[in-house]
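Fold and geometry: a report
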Amino acid sequence: MSEREPTPGTSPPSSASSSASPAVGRALDILVYLAGRPGPVQAATLARELGIPRSSAYHILKVLADRGFVTYIPAEQAYGLGVTSFEVGSAYLRHEPLERLARPILRTLASRLGQTVHLGILHGAETVYLLKERPPAGRAGDIDIALVTDIGVRLPAHLTANGRAILAHASEAQLRALFPRPADLTTRTGKGPRTLPGLVGELVQERARGWSQEVELVTQGFCSMGVAAFDHNERPVAAISSTWRRHHCRHDADQVRDVLRQGAARLTAAVSGHAPSTPAGAAAAA
């Protein structure tokens, strides 16, 4: 099927065609459409729903896939959003707006727990820490001295509770894109998943229960717990986490989890987001 441009004086078939560069408009239409869908979509459906000639749709999808904006899922012969779309889509919330909203929340959590609390985002396959709130003076003890986490620090996301809380909501196709060498996952302490199937299995469980935890995956003698905050499309934009000495915690794990959940729910509401309505397993359909 050949692509036909609108005849002068006639109404274009879509808002994209009115652009000076129809291909750019159509690419954006595809991304917005995929962002609003609950799962992958076949190219023929995209072309039909958006009024794009099939030949053009396939060409645009290939360009978007080459740049990571969409990912092709062979088992379903369909397309979903890729890692680059996630990064671009969350860029607005990565810096000052998100930090400004999260800072008072983290300050409250740090005071309640008497532990250091972090706000982190996913950047590629790494956790990047945007905020670090310490408890009031005298309550943290010497734990903060031993922590490797600080503002701007990057760590392998599959090892941190913060990163895992976000990764738990990624599809298996997205995880494959993030970890192109799935048989050789990084380790810091000799602990943790070594293969992508092993990681996927752990993330499925973590998504189902609604929180993530790592025990001595980042630093010997320490463990962390993380809970994700979500945007209006029920996708994670960040995670709130706390770290403590494994055998010297002020609270039991259930108390830490509940406090972090409350904080993540407050941040989700602050960004006008919604938590996923169902706890379906991560990466189950890819």
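What this report covers is the structure whose coordinates are included nearby. Since we're looking at a predicted model, the values are computed, not measured.

Attention now moves to the packing of helix H1 (residues 22-35) against helix H2 (residues 43-50). Contact pair H1 / H2: the axes reach a minimum separation of 11 Å and the direction vectors enclose 110°. The orientation of H1 relative to H2 falls into the category roughly perpendicular. From H1, Asp29, Ile30, Tyr33 and Leu34 reach across to H2, where they touch Thr45, Leu46, Glu49 and Leu50. By residue class, the composition of the contact of H1 with H2 is 5 nonpolar, 1 polar and 2 charged.

Another point: H2. Residues three or four positions apart in an α-helix share a direction because the helix packs 3.6 residues into each turn. Among the residues of H2, those classed as buried are Ala43, Thr45, Leu46, Ala47 and Leu50. After H2 finishes, the residue Gly51 shows a positive phi value of roughly 70°.

A few words now on helix H10 (residues 253-270). For H10, spanning 18 residues, the distance from its first C-alpha to its last is 26 Å, which sits close to the expected 26 Å at 1.5 Å a residue. All buried positions along H10 are accounted for by Val256, Arg257, Val259, Leu260, Gly263, Ala264, Leu267 and Thr268. One or two residues past the end of H10 sits Ser272, with phi positive at roughly 60°.

Looking now at the sheet that holds strand S4 (residues 126-133). Read from one edge to the other, the open sheet built from 6 strands follows the order S5-S4-S3-S8-S7-S6, with strand pairing classed as antiparallel. Only two strands of the sheet have a single neighbouring strand rather than two, namely strand S5 (154-156) and strand S6 (212-215). When strand polarity is set aside, the average angle formed by the axes of neighbouring strands in this sheet is 30°. Strand direction decides the pairing type here: strand S3 (residues 117-123) and strand S8 (residues 236-245), joined by 4 bridges, are antiparallel. In the sheet register, Leu119 faces S8, and the bridge partner there is Ile240.

Analysis parameters
Along each chain, residues carry numbers from 1 onward, in the same order as the chain's sequence is written. For a predicted model such as this one, the threshold for reporting local features is a pLDDT of at least 70, and the threshold for listing and counting side-chain atom pairs is 80 or more; totals across whole chains, interfaces and linings nevertheless cover every residue. Side-chain measures were taken over the full set of non-hydrogen atoms in the model, leaving aside hydrogen atoms and water. Note on geometry: axes are C-alpha line fits, over the in-contact stretch for helices, and angles between N-to-C directions span 0 to 180 degrees. A run of H or I in DSSP counts as a helix once it spans at least four residues, and a run of E counts as a strand once it spans at least two, with each numbered from the N terminus. Here the word oblique covers every angle except those under 35 degrees (roughly parallel), over 145 (roughly antiparallel) and from 65 to 115 (roughly perpendicular). Contacts were defined at the residue level, with two residues in contact if any of their heavy atoms lie within 4.5 Å. Note on residue categories: nonpolar means Ala, Val, Leu, Ile, Met, Phe, Trp, Tyr, Cys or Pro, charged means Asp, Glu, Lys or Arg, and polar means any other residue, Gly included. Any residue under 20% of the maximum accessible area for its type is buried, any over 50% is exposed, and the rest in between are partly exposed; the area is computed with a 1.4 Å probe on protein chains only. Expected span of a helix, by definition, is 1.5 Å for each gap between consecutive residues, and there is one gap fewer than residues. The criterion for strand pairing is that DSSP finds at least two bridges linking the strands in question.

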